[in-house]
Amino acid sequence: MKKIDLFKKYMKQHEQLWSCPICQNSMTVRDNHVVCAENHSFDLAKKGYVNMMTQPVHTKYDKELFEARHCIIESGMYKPLHEKITELINANSTVVDLGCGEGSHLAHIREKADGEIIGVGLDIAKEGVMTAAKHHLDTIWCVGDLAQVPFKDSSFDVVLNILSPANYTEFKRLLTDQGIVIKVVPNSGYLKELREAFYEQDEYDNHDTKQRFQENMEKVQQERITYKFPMTADLLPSLIKMTPLTWNAKKQDDLDISEVTIDLDILIGER
Ligand SMILES: C[S@@+](CC[C@H](N)C(=O)[O-])C[C@H]1O[C@@H](n2cnc3c(N)ncnc32)[C@H](O)[C@@H]1O
Ligand SMILES: [Zn+2]
């Protein structure tokens, strides 16, 4: 089956999730479009995603950055994170990853789950969503704004939000009664070897981000995962390219990084 036909089939199976980003009506999948009762229509792209933005947006994240993130995530650098998140999610649930980037976190988490997770990935960067659709099938890949998500109220058991900005009003609107938000934020040691090499800069401080999560969500729990991941010479260029920071500016030839620290907080909260 062609990529667009597989995507269309998955979209059709889960069309009840959609809410028109212009008029908030229900939407149906017809031919190669998703369309509402007022005829607001969005094309399903041949490459297996749908762009629901009402205006084009340019971001600092480009194709190269997302391919680099893809390489790094596929290398297993975040495997303990994926395992931890899989433990937190019910095996059969509907999960939306808001700020999904190139989609590999969602794909790995679903792969590890025992049951069937219905997966939706949304990102404002078209290049990210295109990279996701290129590598992973059977997912609703959507270009959209997490501050104005084109899905109905109470449609998701889990909102994932990994190293991305948050919008708690939207997160709570999207969750079912028992639903949870899982937000991943960097802690002080995260990729410190890179920060040291490029900035000689101090530790990352996630206090304010955590505070906002606490203020907005109920029954908040927190888990921290910290480990070292070995860095090979062929992976290092991807590691440097995977962030929008100006790390590229400094000369990379004399970099001597044999491992990197992964230090992440996983915040879990109900609505
Ligand atoms: C650091 S990246 C993390 C991506 C992915 N979760 C990962 O860990 O590889 C942050 C992501 O947030 C996305 N983003 C930023 N603002 C957004 C918005 N308003 N709506 C949707 N996505 C947004 C960016 O496009 C980018 O892909
Ligand atoms: Zn509409």
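Everything quoted here is computed from the prediction, not taken from an experiment.

A.B. asks: Let's hear about the coordination of the zinc ion (ligand 2): which residues, and what values?
C.D. replies: Around the zinc ion (ligand 2), the protein supplies Cys 20 (SG), Cys 23 (SG), Cys 36 (SG) and His 40 (ND1) as donor atoms, at distances of 2.1 to 2.3 Å. Classification of the site at the zinc ion (ligand 2) rests on its four donor atoms, whose angles at the metal span 101 to 117°, yielding the label tetrahedral. Spacing between the donor residues of the zinc ion (ligand 2) along their common chain follows C-x2-C-x12-C-x3-H. Taken together, the positions of Cys 23 in the loop between helix 1 (3–13) and strand 1 (27–30) and Cys 36 in strand 2 (residues 33–36) put the pair 13 residues apart, joining distant regions of the chain. The burial state of Cys 23 is the same as that of Cys 36; both residues are buried.

A.B. asks: Describe the pairing of strand 5 (residues 94–98), listing the residues and the values that go with them.
C.D. replies: Counted residue by residue, strand 5 has five buried out of five residues, so it is predominantly covered. With five bridges joining them, strand 5 and strand 6 (residues 118–123) adopt parallel strand pairing. Considered in strand 6, the bridge of Leu 98 is made with Leu 122. Each parallel crossover has a hand, and the one from strand 5 via helix 4 (residues 104–112) to strand 6 is right-handed.

A.B. asks: Now, about the pattern of salt bridges: what can you tell me, with residues and values included?
C.D. replies: For the coordinates displayed, the defined rule picks out 14 salt bridges. Arg 173 is the salt-bridge partner of Glu 170, the closest N and O atoms lying 2.7 Å from each other. One end of the pair, Glu 170, and the other, Arg 173, are both in helix 6 (residues 168–174), three residues apart, so they sit about a helical turn from each other. The class for Glu 170 is buried, based on a relative accessible area of 8%. Overlapping salt bridges, with partners in common, bring together Lys 84, Glu 87 and Glu 223 in one network.

A.B. asks: Please give an account of the sheet that holds strand 1 that cites residues and values.
C.D. replies: Judged by pairing direction, the sheet is mixed, and its eleven strands sit side by side in the order 1-2-3-4-7-6-5-8-9-11-10 without closing on themselves. The sheet is open, and its two borders are formed by strand 1 and strand 10 (218–230), each paired with just one other strand. Averaged over all adjacent pairs, the angle separating strand axes in this sheet is 20°, with direction ignored. Pairing of strand 9 (residues 175–186) with strand 11 (residues 259–270) involves seven bridges; the strand directions are antiparallel. The partner of Val 181 across the bridge, within strand 11, is Gly 269.

A.B. asks: How would you sum up the environment of Thr 131? Please name residues and give values.
C.D. replies: Its location among the elements puts Thr 131 in helix 5 (residues 126–135). Every residue in contact with Thr 131, bar those within four places of it in the chain, is listed here: Phe 66, Glu 67 and Glu 102. Side-chain polar atoms of Thr 131 contact the backbone oxygen of Glu 127, separated by 2.6 Å.

A.B. asks: For unusual backbone geometry, give the residues involved together with the corresponding values.
C.D. replies: Trans is the prevailing form of peptide bonds, just as negative phi is the prevailing case for residues other than glycine. Positive phi outside glycine occurs at Asn 39, with the angle close to 70°. With respect to the helices, strands and loops of the structure, Asn 39 is situated in the loop between strand 2 and strand 3 (41–45). The phi dihedral of Leu 163 falls on the positive side, at around 55°, and the residue is not glycine. Note that Leu 163 resides in the loop between strand 8 (156–162) and helix 6.

A.B. asks: Which residues make up the site of ligand 1, and what values do they have?
C.D. replies: Taken together, 18 residues sit near ligand 1, with Arg 69, Gly 99, Asp 123, Asp 145 and Ile 162 positioned nearest. His 105 places a polar side-chain atom, nitrogen or oxygen, 3.0 Å from an oxygen atom of ligand 1. With respect to ligand 1, the backbone of Ile 124 contributes an N or O atom lying 3.2 Å from a nitrogen atom. Computed on the free molecule, ligand 1 has an accessible area of 600 Å², of which 90% lies beneath the protein chains in the complex. The element that contributes the greatest number of residues to the shell around ligand 1 is helix 2 (residues 63–74), accounting for three residues. The class makeup of the residues in the shell around ligand 1 is ten nonpolar, five polar and three charged.

What counts, and at which threshold
- Residues numbered from 1 in each chain as written.
- Chains lettered and ligands numbered in written order.
- Predicted model: local features only at pLDDT ≥ 70, side-chain atom pairs only at ≥ 80, totals over all residues.
- Heavy atoms only, no water.
- Donors = N, O, S within 2.8 Å, 3.2 Å for Na, K, Ca; no water.
- Tetrahedral: all angles 85-135°; square planar, octahedral: opposite > 155°, others 65-115°.
- Helix = DSSP H or I, 4+ residues; strand = E, 2+ residues; numbered from the N terminus.
- Buried < 20%, exposed > 50% of the residue type's maximum accessible area, 1.4 Å probe, protein only.
- Pairing = 2+ DSSP bridges.
- Right-handed = clockwise from strand over helix to strand, strands pointing away.
- Salt bridge = Lys/Arg side-chain N within 4 Å of Asp/Glu carboxyl O.
- Axes fitted to C-alpha atoms, helices over the stretch in contact; angles between N-to-C directions.
- Contact = heavy atoms within 4.5 Å.
- Polar contact = N/O pair within 3.5 Å; in protein donor to acceptor, adjacent residues only side chain to side chain.
- Near = heavy atom within 4 Å.
- Areas by Shrake-Rupley, 256 points an atom, 1.4 Å probe, with all protein chains shown as cover.
- Nonpolar A, V, L, I, M, F, W, Y, C, P; charged D, E, K, R; others polar.

Interpretation in functional terms is not warranted from these geometric data alone.
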